[in-house]
Each structure stands twice: as C-alpha cells, then as structure tokens.
Number of protein chains: 2
Amino acid sequence: MPRLDETLLRDVPPFRRLEGPEIREILDQALPKRFDAGAAVFREGHPATRFYLLLDGTIRVMRTSPEGEQVTSLHIPAGQLFGIAAALGRETYPATAVCAAECLTLSWPMSLWHVFVARYDGFAEEGYKTVGVRVAEMNQRIMDLATQRVEQRIASALLRLVNQTGRKVEGGVEIGFPITRQDISEMTGSTLHTVSRLLSRWERDGIVASRRKHVTVTDPHRLLLIAEG
Amino acid sequence: MPRLDETLLRDVPPFRRLEGPEIREILDQALPKRFDAGAAVFREGHPATRFYLLLDGTIRVMRTSPEGEQVTSLHIPAGQLFGIAAALGRETYPATAVCAAECLTLSWPMSLWHVFVARYDGFAEEGYKTVGVRVAEMNQRIMDLATQRVEQRIASALLRLVNQTGRKVEGGVEIGFPITRQDISEMTGSTLHTVSRLLSRWERDGIVASRRKHVTVTDPHRLLLIAEG
DNA sequence: TCCGGAGCTTGCGGCGGCGCAACGTCCGGT
DNA sequence: ACCGGACGTTGCGCCGCCGCAAGCTCCGGA
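Residues numbered from 1 in each chain as written. Chains lettered and ligands numbered in written order. Predicted model: local features only at pLDDT ≥ 70, side-chain atom pairs only at ≥ 80, totals over all residues. Heavy atoms only, no water.

**Quick word on the relation of the copies chain B and chain A**
Now for step 1: Superposition of chain B onto chain A requires a rotation of 180° combined with a translation of 0.0 Å along the rotation axis, giving an RMSD of 0.0 Å. Taken together, the rotation angle and the small translation identify this as a two-fold axis. (Least-squares fit on C-alpha atoms with pLDDT ≥ 70 in both.)

**A word on the domain arrangement of chain A**
Residues and elements named next belong to chain A.
Now for step 1: We note that the domain assignment places domain 1 (7-144) and domain 2 (149-227) within chain A.
Now for step 2: Each of domain 1 and domain 2 was reduced to a C-alpha centroid, and the two centroids are 26 Å apart.
Now for step 3: On the domain 2 side, the residues contacting the 13 residues of domain 1 number 12 residues.
Now for step 4: When domain 1 packs against domain 2, close to 1,100 Å² is buried across both sides, 51% of that on carbon and sulfur atoms.
Now for step 5: Here domain 1 and domain 2 share one salt bridge between them.
Now for step 6: Of all the secondary-structure elements, those providing two or more residues to the side of domain 1 that touches domain 2 are strand 4 (58-64), strand 5 (70-77) and helix 4 (123-147). (Domains from an automatic or database assignment. Contact = heavy atoms within 4.5 Å. Buried area = accessible area lost by both parts, 1.4 Å probe. Salt bridge = Lys/Arg side-chain N within 4 Å of Asp/Glu carboxyl O. Helix = DSSP H or I, 4+ residues; strand = E, 2+ residues; numbered from the N terminus.)

**So, the protein's contact with DNA strand D**
Now for step 1: Near DNA strand D lie 17 residues; those nearest to it are A:Val150, A:Thr194, A:Arg197, B:Arg181 and B:Ser196.
Now for step 2: Counting only the atoms of DNA strand D within 4 Å of the protein, the fraction contributed by sugar and phosphate is 59%.
Now for step 3: Between A:Ser190 and DNA strand D, the recorded distance is 3.4 Å, taken from a side-chain N or O atom to a phosphate oxygen.
Now for step 4: One of the backbone nitrogen or oxygen atoms of B:Lys213 is found 3.1 Å away from a phosphate oxygen of DNA strand D.
Now for step 5: For the surface near DNA strand D, the elements supplying multiple residues, two or more each, are helix 7 (192-204) of chain A together with helix 7 (192-204) of chain B.
Now for step 6: Sort the elements by how many residues they give to the surface near DNA strand D and helix 7 of chain B lands first, with four residues. (Near = heavy atom within 4 Å. Polar contact = N/O pair within 3.5 Å; in protein donor to acceptor, adjacent residues only side chain to side chain.)

**So, the protein's contact with DNA strand C**
Now for step 1: By nearness alone, 17 residues border DNA strand C, and A:Arg181, A:Ser196, A:Arg212, B:Val150 and B:Thr194 come closest of all.
Now for step 2: Expressed as a percentage, the sugar and phosphate content of the atoms of DNA strand C within 4 Å of the protein is 61%.
Now for step 3: Interatomic distance of 2.8 Å between a side-chain N/O atom of A:Ser196 and a phosphate oxygen of DNA strand C.
Now for step 4: At 3.1 Å from a base oxygen of DNA strand C is found a side-chain nitrogen or oxygen belonging to A:Arg197.
Now for step 5: Broken down by secondary-structure element, the contributors of at least two residues to the surface near DNA strand C are helix 7 of chain A together with helix 7 of chain B.
Now for step 6: Element by element, the count of residues in the surface near DNA strand C is highest for helix 7 of chain A, at four residues.
Now for step 7: Among the residues forming the surface near DNA strand C, the class breakdown is one nonpolar, nine polar and seven charged. (Nonpolar A, V, L, I, M, F, W, Y, C, P; charged D, E, K, R; others polar.)

**Notes on the packing of helix 5 (residues 150-165) of chain B against helix 7 of chain B**
Residue and element names in this part refer to chain B.
Now for step 1: Packing of helix 5 against helix 7 leaves a shortest axis separation of 11 Å and a crossing angle of 75°. Considering their axes alone, helix 5 and helix 7 lie roughly perpendicular with respect to each other. Residues Val150, Glu151, Ile154, Ala155 and Leu158 of helix 5 lie in contact with helix 7, whose contacting residues are Thr194, Val195, Leu198, Leu199, Arg201 and Trp202.
Now for step 2: Residue classes in the contact of helix 5 with helix 7 are distributed as eight nonpolar, one polar and two charged. (Axes fitted to C-alpha atoms, helices over the stretch in contact; angles between N-to-C directions. Parallel < 35°, antiparallel > 145°, perpendicular 65-115°, else oblique.)

**Digging into the packing of helix 3 (residues 111-119) of chain A against helix 4 of chain A**
Residues and elements named next belong to chain A.
Now for step 1: Two elements in contact, helix 3 and helix 4, have axes separated by 7 Å at closest approach and are oriented at 125°. In this view, helix 3 runs oblique relative to helix 4, as classed from their interaxial angle. On helix 4, the residues that touch Trp113, Phe116 and Val117 of helix 3 are Phe123, Ala124, Gly127 and Tyr128.
Now for step 2: Here the contact of helix 3 with helix 4 is composed, by residue class, of six nonpolar, one polar and no charged.

Structural data, given as structure tokens:
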C-alpha cells in the first residue's frame, strides 16, 4: 500500500498546527476507505470502534425513530472529524452516518483518540470545538422545530446546506450532493409532499431551481427573508 | 468564610474517584453561591468565565429565538456539572441557565477546567460523559419534535421530568420543582393552551394531578402508553 | 429500445393544534 | 382583608400541514 500523501491533512483544522513528521505519524496509522453513495459508515448503537475524518463527500447523520421514521440530525462537510464518540465519553455511536454522495474517509482506532489528544498540540481543542459546533447546530434545530413553521424550516435547511456544501453554478449556488425531497423532509420534520409543493412554488417565484436530486438556490436573499418569516 | 464540607462532593459523579486531599483542594478553590428561583446563573452569548456544579435545585437551560420566543433545551438535576463551555471549545455560553427553583451551586474559573482535566483521575471522562448525555438528550428532542405529535411530546416531557427530579408523594410521583403550563409548552414546542387542555383531560382520566405550579403523575404507565402513541 | 422503479407533482379532504377571547382561581403584598 | 397580578381553563373558528390518491418524468439496466 502506498503511503498517504501529507497534503491530505495539511489544511484540515484538527491537524493544522502540526508539523510534517507528526502528520506522517498520524497518516501511517490511518485507514483510508471509499464508500458508495447511500452506504453507512457506522450505525446507531453499534460499538464505537473507530473515529473518522471525511476527506471528500458529505455525511448525513441520521437516527431512526421507534416507529421506523428517519430523522436527519445534521450534515457533515468534507474536512471534518466525525464518529468521535470518545469525545462524548460514549462506547457506542449515537447516530448512523450515511454517505450522501461518494465519500472518502480516513479512520483510526478509537483508542488513539486519547493518544492524539495528549500528544498533538491543538488536536484536543479542535476536536472539542467540533463537538461544540455540532451542539450549537443541534440547539438551533431544536429552536427551529419548536418555533418555526415548515416553510421557514425548509428555507433555513436549504440555506444551511448551500453554505456548508454549495458550489457556484450559472444562475446560483447548488447544493453539493444529491438530495431528494424525501431527504429534505427528513431534515425538517415534514413530508415529501409539502417539500415538493414549496419547491414548486419557489421555482415559479424564481427563488430556487431544481432537477431530480439537484437543488440550486438562485435567490438566496429572498430565501433568507422566508427563513426569517 | 468557613471551609466547605467535603461530603458535598463525595457522591457527585465528576469527583467520585477522588480522595480526601484532592477534594479538599478542589473545594478550596470553589465559589459557593445561592440563587433565587427564576434567577439566571449565566446568559446565552456571554463570556464563559466560570463552570458550575449544581448542589441543589434544578436548572432550566433556555434559548431565546430572534422573535423573542423562549425554548427550553433541557433540565439539569442536582449533582451535575453545567456551564462547561470549555468542554465544547467555546468562549461563550451557548444557552441561558435559569433556576427553576432555589439553587445552590459551586463554581470555578473556566481556566481551571483544563487543570482539573489534566490533574484529577476520571474528571475528564465524567465531564465528557456529561456532554455525551446532553447531546443524546438533544438528539432525542430533535427526534420527538420531528416525528411525534404534541400530545406524545408533552407526555414524554412529563415522564422525563419525573424520572430526573421526581419525588414520591401520596398517590404518585411529583415533579421536583415548580412548573407552569407555559414552562411545559416551552419544553415541547407547543402553547400553554394546548398543555392546559391536555392536563385537564389527563386529570379527568386519572393519569395526572396538578395544582398551580405542581404536577404529579399518578399513572406513569398510561402516560407512557400515550408517549409511545 | 423498452421496461420498471425511483423520484417528483398536484388536487382534495380532514384535522390537530394554534390564536383569540373571556372568565375563573389562587397567592402574595401592604 | 383586600386587591392586583400571575396562573389556569375552556369554547370557538381557522388554517397549515398531512395523508391519500393518481399520474407524470426521468434514468438505468437488460
């Protein structure tokens, strides 16, 4: 197996403060892996044996209700750590990580988490900061679900995805991975019908454009106005 | 100022593994404080200068939406750490901590967090475990808000409060702090009217009993059936 | 090239829960 | 003992959103 290239980690926040030899050390212990779109990296409730870095793609963090309904907690863009159960003092993964598109990951045995934290400058801080950002995001979702109407929640969700993963295309910014009406409904506590109706209306109004599995925001400003009520 | 009694920390999880001298050391750096019901210990967005241990009472963790609506994220029972922004790599508190009843706290400068983590066996683990439990609880709330109807959410909320803070009284288990219909509505993303109507119905059905600011669950089993749909 | 299935759209009817409004009740302060 | 305010209850009407149903479009595989 060829050695992994050091540039992989150079610009990734958790490792940003490290020097070449340290990065080499970390890479030599990493297990690279490719996942197809739709594949699960790990599942809710399973033993948390490894933690991951997402090199490319987008991860969808999901949970399943007792009745079998899917709920998406958040999306993780490339460059971030995930599955870091050790940072939460947990022995099992709290949610399922599904690839929204083809994904490339590095992973390490969970036992190395504490080693990395002790050994590498800034790693602990960045790791816990990642947790903090996720917590803030979850808090925001709770607020939205509790106080906003569906229309506002869907507008917010689209804006968040565009900010996290968007790429410029002609006429707007496109969400950086394939996404269905059903997916959006699972992010917003809604139904695919309602999402479809709203996207149709917004398309008529020139706010978004969408093809099957692709959504482009063409007028972010007006979408923001909707999100804010 | 008299020295604080060591038994204060003996049975509190974050300090459970420590010996007398270590507990002495920690207590000598602690600032004890009493808060009236309704008082804020710290506020959302303010600099996170200290972290806290709740000795007695119940803390309500709240956020305010841009439109001024209050949302309660979770309740913290006695014996737990809170305001541990450092564990999330944050410089400001992510939410407001309000006393649901009279509260007694100990607190330490946030700079000591990293000292405690490095110095005291088990402290880091317990601290991050606390974060993990809160994250799990938030995840659960997101799921509930996204998939359950108001009736189920209110039933779940009552059961959770009873489990966390309940005390046996004749005829049932009473929630361990004063709580209004408005409070419950802010926990469940509902309105005080809906909560009132449901509590009235459940009271007729013999599932709960309530007086002003007091709620007793008299038939937890049936309430659980409602919570599960 | 055809077929099947996944994804998307749209109309219609129903209803859960909200908002308003009005009124009751309990408690604490002076 | 009284009064004011916070807390709680309940009826009514409305509407946002869901659930069902039917049909369309697009894409990939044999």
